[in-house]
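One-letter residues, chain by chain:
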Amino acid sequence: MSVQLKTTTTVATSRSFKEDRIWLNGKEEDITHPRLQSCLREIRRLARKRHNDGDATSTELTGLSQKVHICSVNNFPTAAGLASSAAGFACLVYSLAQSFGVEGELSGVARQGSGSACRSMYGGFVQWIMGNQEDGKDSLAQQVEPESHWPELRILVLVANAERKPVGSTSGMQTSVQTSCLLKHRAESVVPHRMEEMIKAVRGRDFPAFAELTMKDSNQFHATCLDTYPPIFYLNRVSQQVIHLVHRYNRHYGETRVAYSFDAGPNAVIFTLQQHVPEFVHFIQHFFPPETNGEDFIKGLPVKRAAVSEQLKQSVGLEPMPKGINYIISTKAGPGPRVVKDPSLHLLSPDGFPKL
């Protein structure tokens, strides 16, 4: 997680709770959702195993027989293709594990909530290993490098649409698995070699190689969505404009300075190096003139002011698209889940219900 895009989760157990309950972004949600139940069931199973092995403390044993209240808040758009479910389930599993005294490898538990959540259990650069076992128990996450490995790397999230997407990531992927021939080819013939190349690029801090792999993989993912039957359209007109802008920006400079990636949604995740952030942010601001300027448009890590040359604007040769981007989040790779010590930041009050 990074401070600019994070999920905060508080878990409490009490004998006074009548049932398990969960609140997300201020609204109570259905805790009987199968993916939530999978995570709760597995953490409780691991806690019972720890008890049977004689490793649990008396407090943890008491909590095992009690109901749980969970409160979780994202500080970025939810279900909009920005990995809110990955951050949410990673934070949920980590918090439950802390509460029930469960230790060790947890990415396999988080994966039961959201596939990508297994990667969010670690900070920095993380790979998701497919595994070979039928039951999927060896399909786990592994950190490639910590968040401190590439300090110059910056991430810009261009929020084009913060609304809930019409096709969820899980249901979309299930349809793709059933109907897309390209997905099978991608999984068997493209991804294994591309992963090796990506790890090499990250470890060598080779931005041009990293950028090209990132963009090609994003493009092929969305080609797979189009190859799905019926097809899935996550990108919109603004997304396509961002893609054109990135390629024309790089062409103008004769080198790859910026890369894009789109998950299951229209919002672009831009990768670049620190020295290029000011110009590229104002370049985006020129081609997507916002309704409001300044602080409301650029959130997160501070971005210095920079001029965009007329030569660059003319070289790109595209018409501005007013209000196409709602705002930009300036951030970088962050750590995995960690305990928040400050009680004032806890989301549940002493009675176990969300603070108003």
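Check the entry above for the structure.
Residues numbered from 1 in each chain as written. Predicted model: local features only at pLDDT ≥ 70, side-chain atom pairs only at ≥ 80, totals over all residues. Heavy atoms only, no water.

Engineer: Just checking my understanding: could you explain the overall build of the chain for this structure?
Structural biologist: Scanning the chain from N- to C-terminus turns up ten helices and eleven strands. Its C-alpha radius of gyration of 22 Å places the chain within 12% of the 21 Å reference for a compact globule of 356 residues. The principal-axis extent of the C-alpha atoms belonging to the chain is close to 70 × 45 × 40 Å. For the chain, the proportion of its 356 residues judged to be buried stands at 47%. Entry remark: accessible area of the chain is about 18600 Å², with carbon and sulfur atoms responsible for 51%. Taking the 39 positively charged and 35 negatively charged side chains of the chain as two groups, their mean positions are separated by 2 Å. (Helix = DSSP H or I, 4+ residues; strand = E, 2+ residues; numbered from the N terminus. Rg over C-alpha atoms; globule rule 2.2 N^0.38 Å. Buried < 20%, exposed > 50% of the residue type's maximum accessible area, 1.4 Å probe, protein only. Areas by Shrake-Rupley, 256 points an atom, 1.4 Å probe, with all protein chains shown as cover. Lys, Arg positive; Asp, Glu negative; His and termini not counted. Charge placed at Lys NZ, Arg CZ, Asp CG, Glu CD.)

Engineer: Would you take a moment to explain helix α3 (residues 84–100) for this structure?
Structural biologist: The periodicity of an α-helix, 3.6 residues per turn, causes residues three or four positions apart to be oriented the same way. In this model α3 runs 24 Å from its N-terminal to its C-terminal C-alpha over 17 residues, within 8% of the 24 Å that 1.5 Å per residue would give. In terms of residue burial, α3 counts as a mostly covered element, since 13 of its 17 residues are buried. G101, located one to two residues past α3, shows a positive phi value of around 70°. (Expected span 1.5 Å × (residues − 1).)

Engineer: For this particular structure, what's the right way to read the packing of aromatic side chains?
Structural biologist: To describe a pair of aromatic rings, one takes the distance between the centres and the angle between the planes. Inspection of every chain in the model, using the stated rule, returns 13 aromatic pairs. For the ring pair W23 and F353, a centre distance of 5.9 Å and an interplane angle of 70° mean the geometry is edge-to-face. Here F353 lies in the segment after β11 (327–331) and W23 lies in strand β2 (residues 21–24), a separation of 330 residues in the sequence. Residue class for F353 comes out partly exposed when judged on its relative accessible area of 32%. For the pair F280 and F283, a centre-to-centre distance of 5.5 Å together with 35° between the ring planes defines the contact as tilted. With F280 and F283 both in helix α9 (residues 277–287) and three residues apart, this pair spans about one turn of that helix. By way of ring pairs, the aromatic residues F125, W150, F207, F210 and F271 are connected into one cluster. A cation over an aromatic ring shows up here: R257 above the ring of Y253, its NZ or CZ 3.7 Å from the ring centre. Positioned over the ring face of Y327 is K299, at 4.9 Å from the centre of the ring. (Phe/Tyr/Trp six-rings, centres within 6.5 Å; stacked < 30°, edge-to-face > 60°. Lys NZ or Arg CZ within 6 Å of the ring centre and 35° of its normal.)

Engineer: Can you walk me through the pattern of salt bridges in this structure?
Structural biologist: Side chains bearing opposite charge may pair, as long as their charged atoms lie close to each other. By the definition in use, this model includes twelve salt bridges. A salt bridge links D53 to K49; the shortest N-O distance between them is 3.3 Å. (Salt bridge = Lys/Arg side-chain N within 4 Å of Asp/Glu carboxyl O.)

Engineer: In this structure, what is going on with the sheet that holds strand β9 (residues 268–273)? I would like to understand it.
Structural biologist: Hydrogen bonds between backbone atoms are what pair the strands of a sheet, whose relative direction is either parallel or antiparallel. With mixed pairing, the five strands of this open sheet are ordered in space as β8-β9-β7-β11-β10. Every interior strand has two partners, whereas the edge strands, β8 (258–262) and β10 (298–300), have only one. Taking the axes of each pair of neighbouring strands and ignoring which way they run, one obtains an average angle of 25° across the sheet. Where β10 lies against β11, three bridges are found, and the strand directions are parallel. (Pairing = 2+ DSSP bridges. Axes fitted to C-alpha atoms, helices over the stretch in contact; angles between N-to-C directions.)

Engineer: For this particular structure, what's the right way to read the pairing of β9?
Structural biologist: The two faces of a sheet get side chains in turn, since along a regular strand they alternate between them. In terms of residue burial, β9 counts as a mostly covered element, since six of its six residues are buried. Every second residue of β9 is oriented toward a common face, with A268, I270 and T272 on one face and V269, F271 and L273 on the other, all of them buried. Direction of pairing for strand β7 (residues 153–159) relative to β9: antiparallel, over a ladder of six bridges. Directly across from R154, in β9, lies its bridge partner T272. Bridge count between β8 and β9: five bridges; the pairing is antiparallel. Bridge pairing in β9 places F262 opposite A268. With antiparallel pairing between neighbouring strands as the criterion, β8 and β9 make up a hairpin whose turn holds five residues.

Engineer: I would appreciate a short explanation of the sheet that holds strand β3 (residues 27–29) in the present structure.
Structural biologist: What the four strands build is an open sheet, ordered β1-β4-β2-β3; its pairing is mixed. Each end of this open sheet is capped by a strand with a single partner; those strands are β1 (7–14) and β3. Looking at each pair of strands side by side, their axes are set apart by 20° on average, direction ignored. Note that β2 and strand β4 (residues 67–74) share four bridges and pair parallel. When the bridges of β4 are listed, I22 appears paired with I70. Packing against the sheet, α3 makes contact with β1 and β4, and its axis sits at approximately 35° to β1. (Contact = heavy atoms within 4.5 Å.)

Engineer: Teacher, can you tell me more about helix α1 (residues 34–52) here?
Structural biologist: For α1, with 19 residues, the first-to-last C-alpha span of 26 Å sits near the 27 Å given by 1.5 Å per residue. Turning to α1, its buried residues number three or more, namely L36, S38, C39, L40, E42, I43, R44, A47 and R50. Phi turns positive, to about 80°, at G54, one or two residues after α1.

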